[in-house]
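One letter stands for each residue in the lines below.
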Amino acid sequence: MTCVNCQKDIAVGSRFCYNCGAKQPETPAPGLSPQTGGKKKLMRSSTDKKIAGVCAGLADYFDLDPTIVRVLWFLAVFFAGTGGFFGLCSRSPRLA
């Protein structure tokens, strides 16, 4: 599939371009694979990966922009991870 804005190759069925962020023309109903018409599988992306392709795979599965998923993932890890760590530190008894 080619982006309508920047003309670069992107994954088939993507709603947003991974390179320029442009919205792509509508595709079939979410959850259906454009190639087979069957249900999509949750898989890591091999075309748009920053570390391992997990956020891009989630974005493709839920038809979201990968940047949004990456920002939400960062915020969840930053706030929940820090809060969870300090919460456990304050409530856990110390070893003698």
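It should be noted that the structure appears before, not after, this text.
Because the structure is a prediction, the values reported are computed rather than measured. (Residues numbered from 1 in each chain as written. Predicted model: local features only at pLDDT ≥ 70, side-chain atom pairs only at ≥ 80, totals over all residues. Heavy atoms only, no water.)

1. Looking at the overall build of the protein chain
If you tally the helices and strands in the protein chain, you get two helices and zero strands. Taking all 96 residues of the protein chain together, 25% fall into the buried category. Sequence separation of at least 24 residues holds for 13% of the intrachain contacts in the protein chain that already meet a minimum separation of 6. Counting every atom, the protein chain has about 7,200 Å² of accessible surface; 63% of that belongs to carbon and sulfur. (Helix = DSSP H or I, 4+ residues; strand = E, 2+ residues; numbered from the N terminus. Buried < 20%, exposed > 50% of the residue type's maximum accessible area, 1.4 Å probe, protein only. Contact = heavy atoms within 4.5 Å. Areas by Shrake-Rupley, 256 points an atom, 1.4 Å probe, with all protein chains shown as cover.)

2. Some words on the layout of surface pockets
When its volume is computed, the second largest pocket comes out at roughly 170 Å³. Lys50, Ile51, Ala52, Gly53, Val54, Cys55, Ala56, Arg70 and Trp73 together form the lining of the second largest pocket. Those elements giving two or more residues to the lining of the second largest pocket turn out to be helix 1 (54–61) and helix 2 (66–91). Top contributing element to the lining of the second largest pocket by residue count: helix 1, with three residues. For the lining of the second largest pocket, the per-class residue count stands at six nonpolar, one polar and two charged. (1 Å grid on protein atoms, 1.4 Å probe; cavity = no way out; pocket = protein on both sides within 12 Å on 5 of 7 lines; lining within 4 Å. Points joined across faces, edges and corners; volume = space filled by probe spheres on them. Nonpolar A, V, L, I, M, F, W, Y, C, P; charged D, E, K, R; others polar.)

3. Concerning the environment of cysteine 3
Examined against the element boundaries, cysteine 3 turns out to sit in the segment before helix 1. Overall, cysteine 3 belongs to the buried group, its relative accessible area being 1%. Between the alpha carbons of cysteine 3 and proline 25 there is a distance of 9.3 Å; along the sequence they are 22 residues apart.

4. Some points on the side chain of glutamine 24
Relative to the elements of secondary structure, glutamine 24 occurs in the segment before helix 1. Overall, the relative accessible area of 4% leaves glutamine 24 in the buried class. Here alanine 22 takes part through its backbone oxygen, which lies 3.1 Å from a polar atom of the side chain of glutamine 24. (Polar contact = N/O pair within 3.5 Å; in protein donor to acceptor, adjacent residues only side chain to side chain.)

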